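Breakdown of the fold
Chain residues, written in single-letter form:
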Amino acid sequence: MKFINYLESIAGISVYPMASLLIFSIFFVFAAFWAFRADRNMVDQISRIPLDNDDTQSL
């Protein structure tokens, strides 16, 4: 018996794919909205974080 047959036998299992799609869509829209509305100076500062050597720790 294949795995899909086990999933088909569970009552109400079709809710989970729709819920996960809804959660992903809401998160994506929120992230896109934030990216377009973010302050340009903050974005520039965040983009330079990996290149800054001031806060690096020596091992």
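It should be noted that the structure appears before, not after, this text.
Presented here is a report on the structure given in the accompanying data block. (Residues numbered from 1 in each chain as written. Predicted model: local features only at pLDDT ≥ 70, side-chain atom pairs only at ≥ 80, totals over all residues. Heavy atoms only, no water.)

Regarding the overall build of the chain
Basically, it comes down to this: Runs of H or I in DSSP of at least four residues are treated as helices and runs of E of at least two as strands, each being numbered from the N terminus. We get accessible surface area from the Shrake-Rupley algorithm with a probe of 1.4 Å; when it comes to residues, only the shown protein chains can shield them.
Along its length, the chain carries 3 helices and 0 strands. Sequence-ordered secondary structure for the chain, helices as α and strands as β, is α-α-α. Taken as a whole, the chain presents about 6100 Å² of accessible surface, with 66% of it coming from carbon and sulfur.

Notes on the packing of aromatic side chains
Put simply, the test is: Pairing of aromatic rings covers Phe, Tyr and the six-membered ring of Trp, with a centre-to-centre limit of 6.5 Å; geometry is then stacked below 30 degrees between planes, edge-to-face above 60, and tilted otherwise. Exposure is judged per residue with a 1.4 Å probe applied to protein chains only, and the accessible area is read against the type maximum: over 50% gives exposed, under 20% gives buried, and values in between give partly exposed.
Using the criterion set out here, one finds 1 aromatic pair in the structure. An angle of 25 degrees between the planes, with centres 6.2 Å apart, marks the rings of phenylalanine 24 and phenylalanine 28 as stacked. Residue phenylalanine 24 and its partner phenylalanine 28 are both found in helix 2 (residues 15-37); the two are separated by 4 residues, about one turn of the helix. The class of phenylalanine 24 is exposed, set by a relative accessible area of 52%.

As for a nonpolar patch on the surface
Note the cut-off: Only residues whose relative accessible area exceeds 30% and that form no salt bridge enter a patch; like-charged residues are grouped when within 9 Å of one another, and nonpolar side chains (Val, Leu, Ile, Met, Phe, Trp, Tyr) when within 5 Å. Here, a salt bridge means any Lys or Arg side-chain nitrogen found within 4 Å of an Asp or Glu carboxyl oxygen.
Residues Met18, Leu21, Phe24, Phe28 and Val29 make up a contiguous nonpolar surface patch of roughly 570 Å² in combined accessible area. In this structure, valine 29 sits in helix 2. The exposure class assigned to valine 29 is exposed, which follows from its relative accessible area of 55%.

Brief notes about the environment of serine 47
Worth spelling out the cut-off: We define a polar contact as two N or O atoms separated by no more than 3.5 Å, with the added condition that, inside protein, one atom must be a possible hydrogen donor and the other a possible acceptor, whereas residues neighbouring each other in sequence contribute only through side-chain atom pairs.
Mapped onto the elements, serine 47 comes out in helix 3 (residues 40-47). For serine 47, a relative accessible area of 46% corresponds to the partly exposed category. At 2.8 Å, the side chain of serine 47 forms a polar contact with the backbone oxygen of aspartate 44.

By themselves, these figures tell us nothing about what the structure is for.
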